[in-house]
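Breakdown of the fold
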Amino acid sequence: MMIALPVACHRAEQPSTAVNSGTSASDQRQDVGPAPNAGAPWSPIVIRDGPMQIIGHGRDLALSIDGWPRAFGLDGLHDPGLEPPLDAIERDHRVAGAYAVGPSGDLFLVVHAVNPTRGWYDAVVLRRSPAGWQELAVDSDPALIGYYSALFLRDGAVIGLLAYRPNEEPVDLSSRAADERVERARARAKTGFVRLAGSSDASIPVLPADRALDRVQATADGTVHALAVATTSPDGPPERVSEVLSWPPGASAPTRARLPEPVPDHLGLSARDADVLVFGDERYLVRNDGGAWAQIPVDLSPGEEPAGAGDRILAAVSSPAGELWLTLEDASRGPYVLLRRPVGGDWEVVHAPVPSEAAMTRRPFVYERGWVQATFEDDLEHPRYDALAWVDGDLWILASFGPLEHPFRGVYHGIRRNVLYASVDIELEPEVLTPRYADWSDGAAEDRRAPGDCDPFWIVLDATDDAGAIPNADAMELLAGLSDDPEVAQLELLYTGEIDGRRELVLQAHAEDRPAADQLVGRVGDALSIQAFAECRARTPIKAIEEFRR
């Protein structure tokens with residue numbers, strides 16, 4: 001059976017978004033969800049154009065937004081507090097990889113700074129206390145860089161999984177001597193759990209000597225689960241291991257649970273207290289709720305199998321009552337299939353509801369050498385399901401629509417319209433966060449150069465926000481004919497814009513130099529029989545009227 005979940009009704013006023021999201025604050029107080037219908041409602045909590053991910057363990061979850069953690073709950077996003085000192089890491093290159101809340105309320109954060117050209121990353125470990133953010137030192141051999149690949153709270157202490165990678169700056173990895181030095185350093189620096197803060201009496205999980213960890217999941221009661229892999233053997237390839245290590249609350253030594261065969265190569269892990277799910281390729285799904293493993297077939301009724309559904313499970317969660325949710329990859333696009341199995345029932349295909357057509361089809365204004373209206377491509381009825389989490393009786397789903405498509409510069413695959421849903425009916429207007437492209441126009445609004453020295457520039461047609469000033473069809477035709485040589489001068493976009501608290505009717509234009517700009521401004525004035533003037537200060541778009549670029 002295929003089901004579509006209705007969106008919960010929302011009646012509060014929507015907070016204003018960034019000014020360059022394409023509408024002003026006063027224009028964005030709109031209903032973003034239809035009236036609820038029968039069935040389980042979903043409430044959109046957060047909407048944002050740009051990367052988001054769910055990070056954390058147990059009840060301590062947050063949204064990672066450009067490397068910045070924002071805790072969330074059914075009351076929406078929580079106060080962000082002081083922003084981490086991440087200015088040294090370019091926003092495009094940073095990802096929050098681990099997050100935890102200490103017993104005193106301090107935040108702990110690991111930010112990976114990815115270098116896309118060299119293929120490696122650094123990791124910055126940060127702690128936020130009432131005094132502000134501080135970087136935590138990780139002692140390691142100069143040949144290695146230590147970092148925490150997981151953080152969680154256990155027995156009143158913040159525990160981190162300390163791992164290592166080669167330090168590529170001072171070490172020449174192309175030499176055999178350097179390779180041997182790194183291997184010796186790795187042999188001394190064993191990956192393991194360490195205490196970062198909190199109670200010194202906390203039990204620290206201890207890894208067996210013959211095992212390393214692939215995935216780690218800590219739960220709200222302090223249980224730690226991990227997928228185990230064999231450590232490298234000097235005598236040949238490592239033994240293939242298919243087991244889960246579990247450290248119950250207060251225990252330092254793990255229990256071991258072998259996974260049912262056959263086990264695929266790619267595996268994932270999800271846990272809620274003693275309830276553990278392992279999933280992966282070939283629709284492999286097994287569950288252990290404190291006893292033995294049970295293999296769960298993932299089969300749909302005849303005729304219910306979505307076209308293009310693949311066999312890799314990318315995420316899975318279970319409810320306290322035993323309900324199961326998972327995402328299947330589409331054969332070519334990623335996690336576009338969402339399945340639910342109610343207690344005692346069969347698997348169903350579920351579609352996340354679009355918050356509202358107005359909210360999801362609103363075209364954003366994007367600034368790249370001038371304003372342009374972009375779109376989000378793909379079918380809005382088939383989002384990508386990027387993350388699942390079950391916390392305190394509520395299912396959370398992070399879905400995304402897109403990606404962003406620029407009409408002249410192609411597709412921005414890293415920018416999608418993300419929606420964080422909660423499976424509960426609440427009267428909360430979703431918070432619309434500052435878009436990923438919000439600062440692309442920084443500096444353009446304060447450009448004091450003369451038109452022709454800046455590109456683009458803005459021709460002001462009317463500074464009274466008078467709807468009657470919009471050119472008629474004949475005038476539009478005259479304006480369209482002024483860009484006879486686009487390389488020299490060209491009109492680009494006619495729109496209502498905002499600057500210094502007032503609205504204006506403006507033309508965004510291009511000219512190769514000052515004479516060409518002056519000539520274009522004069523021709524616009526003649527065509528419209530007005531006294532037009534121009535300057536380089538960008539006007540924030542409110543409403544697009546006519547696009548002249550083709």
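None of the values given here were measured: they were computed from a predicted structure. The numbers attached to residues start from 1 for each chain and follow its sequence in the written order. For a predicted model such as this one, the threshold for reporting local features is a pLDDT of at least 70, and the threshold for listing and counting side-chain atom pairs is 80 or more; totals across whole chains, interfaces and linings nevertheless cover every residue. Processing note: side-chain calculations cover all non-hydrogen atoms of the structure and skip hydrogens and water entirely.

1. Focus: the overall build of the chain
Our working rule: Secondary structure elements are taken from DSSP: a helix is a run of H or I of four residues or more, a strand is a run of E of two residues or more, and numbering for both begins at the N terminus. Method for areas: the Shrake-Rupley scheme with a 1.4 Å probe, in which residue coverage is limited to the protein chains shown.
Scanning the chain from N- to C-terminus turns up four helices and 39 strands. For the chain, the exposed area adds up to about 24800 Å²; of that, 48% sits on carbon and sulfur atoms.

2. Considering the sheet that holds strand E34 (residues 431-432)
This is how it is decided: We call two strands paired when DSSP finds no fewer than two bridges between them.
Pairing is mixed in the open sheet, where five strands are placed in the order E29-E30-E33-E2-E34. Each edge of the open sheet carries a strand with a single partner, namely strand E29 (384-391) and E34. For E29 and strand E30 (residues 394-401), the ladder comprises seven bridges, and the chain directions are antiparallel. Opposite tryptophan 390, over in E30, you have leucine 395 as the bridge partner.

3. Some remarks on the side chain of serine 203
Formally: Throughout this description, a polar contact denotes any pair of N or O atoms lying within 3.5 Å of each other; where both atoms belong to protein, one of them has to be capable of donating a hydrogen while the other can accept it, and for residues adjacent in sequence the pair is counted only when both atoms sit in side chains. Residue contacts are counted whenever heavy atoms from the two residues lie within 4.5 Å of one another.
By the secondary structure assignment, serine 203 is in the loop between strand E13 (192-198) and strand E14 (211-218). At 2.6 Å, the side chain of serine 203 and the side chain of aspartate 155 are in polar contact. Leaving out residues up to four positions away in the same chain, serine 203 has contacts with Arg154, Asp155, Gly250, Ala251 and Ser252.

4. Quick word on the packing of aromatic side chains
Note the threshold: Here is the rule: rings of Phe, Tyr and Trp (six-membered ring for Trp) pair when centre to centre is within 6.5 Å. Planes less than 30 degrees apart are stacked, more than 60 are edge-to-face, and the remainder are tilted. Note on exposure labels: buried denotes an accessible area under 20% of the residue type's maximum, exposed denotes more than 50%, and partly exposed covers the range between, all computed with a 1.4 Å probe on protein chains only.
What the rule picks out here adds up to nine aromatic pairs. Arranged with centres 5.6 Å apart and planes meeting at 75°, the rings of phenylalanine 193 and tryptophan 247 form a pair that is edge-to-face. One end of the pair, phenylalanine 193, is in strand E13; the other, tryptophan 247, is in strand E16 (residues 243-247), and 54 residues separate them in sequence. Each member of the pair, phenylalanine 193 as well as tryptophan 247, is classed as buried. Among the aromatic residues, those joined into a ring-pair cluster are Trp42, Trp325 and Tyr421.

5. Observations concerning the state of the cysteines
Selection criterion: Here, the term disulfide refers to a pair of cysteine sulfur atoms separated by no more than 2.5 Å.
Inspection of every chain in the model, using the stated rule, returns one disulfide. The disulfide that involves cysteine 454 links it to cysteine 536, with 1.9 Å between the sulfurs. Classification of the bridge connecting cysteine 454 and cysteine 536 rests on its S-S torsion, roughly -90°, and on that basis the disulfide is left-handed. Highlighted residues: cysteine 454 in the loop between E34 and strand E35 (457-462) and cysteine 536 in the loop between strand E38 (533-535) and strand E39 (540-547), separated in sequence by 82 residues. This pair shows no difference in class: cysteine 454 is buried, exactly as cysteine 536 is.

6. A few points about the sheet that holds strand E31 (residues 404-406)
Strand order in the open sheet formed by three strands is E28-E31-E32, with antiparallel pairing between adjacent strands. In the strand order of this sheet, the two ends are held by strand E28 (375-376) and strand E32 (410-412), each with one partner. Two strands pair when backbone bridges link them, and E28 and E31 are joined in this way by two bridges, in the antiparallel orientation. Paired with threonine 375 across the two strands is glutamate 405, which belongs to E31.

7. Quick notes on the nonpolar core
Put simply, the test is: Among the buried residues, those of types Ala, Val, Leu, Ile, Met, Phe, Trp, Tyr and Cys that are joined through side-chain atoms within 4.5 Å form a nonpolar core.
Counting residues in hydrophobic clusters, the biggest one holds 24 residues, and the most contacted among them are Phe457, Ile459, Leu461, Leu479, Leu491, Leu507 and Val524. Residue contributions to this core peak at six residues, all from helix H4 (residues 514-528). When residues no more than four places from it in sequence are discounted, the contact partners of isoleucine 459 are Leu491, Leu505, Val506, Leu507, Ala509, Val521, Val524, Ala532, Phe533 and Ala534. Membership of the second largest hydrophobic core comes to 20 residues, among which are Ala98, Val110, Ala123 and Tyr147.

8. Side note on the pattern of salt bridges
Inclusion rule: Between Lys or Arg on one side and Asp or Glu on the other, a salt bridge is scored when a side-chain nitrogen of the former is within 4 Å of a carboxyl oxygen of the latter.
Tallying each qualifying case throughout the model produces 27 salt bridges. Glutamate 492 is the salt-bridge partner of arginine 549, the closest N and O atoms lying 3.6 Å from each other. Residue arginine 549 is located in the segment after E39, and its partner glutamate 492 is located in strand E36 (residues 489-499); the two are separated by 57 residues in the primary sequence. Since its relative accessible area comes to 7%, glutamate 492 is described here as buried. Among the ionic pairs, arginine 537 bridges to aspartate 500, the shortest N-O distance being 3.1 Å. One end of the pair, arginine 537, is in the loop between E38 and E39; the other, aspartate 500, is in the loop between E36 and strand E37 (502-511), with 37 residues separating them in the sequence. Residue arginine 537 is classed as buried on the basis of its relative accessible area of 9%. Overlapping salt bridges bring together Asp500, Arg502, Glu504, Glu535, Arg537 and Arg539 as one network.

9. Comments concerning the pairing of strand E4 (residues 60-65)
Counting buried residues along E4, five of its six residues qualify, which places the element largely inside the surrounding structure. Inspection of the sheet shows strand E3 (residues 53-57) paired to E4 by five bridges, in the antiparallel sense. Looking at E4, one finds that histidine 57 is bridged to aspartate 60. The turn joining E3 and E4, which pair antiparallel and follow one another in sequence, is formed by two residues; a positive phi near 60° is taken by glycine 58. Hairpin connection, E4 to strand E5 (residues 68-73): the antiparallel pair is bridged by two residues, and aspartate 66 has positive phi, about 55°.

10. A short note on the environment of histidine 57
Within the secondary structure, histidine 57 sits in strand E3. Looking at histidine 57, the relative accessible area reads 15%, which means it is buried. Ignoring sequence-local partners within four residues, the contact set of histidine 57 consists of Tyr99, Ala150, Leu151, Phe152, Val216, Gln217 and Ala218.

11. Overview of the side chain of aspartate 394
Within the secondary structure, aspartate 394 sits in strand E30. Ignoring anything within four residues of it in the chain, the contact list for aspartate 394 reads Leu74, Ala389, Ser423 and Val424.

12. With respect to helix H3 (residues 473-480)
We apply this condition: Note: the arc covers the axis-to-C-beta directions of the helix.
Every buried residue of H3 is listed here: Ala475, Met476 and Leu479. What you see down the axis of H3 is that its buried residues fit within an arc of 105°, all on one side. Every exposed residue of H3 that faces more than 90 degrees away from the buried side is listed here: Ala473, Asp474 and Glu477. Buried residues along H3 sit against E36, E37, H4 and E39. Its side-chain oxygen placed 3.2 Å from the backbone nitrogen of aspartate 474, asparagine 472 serves as the N-cap of H3.

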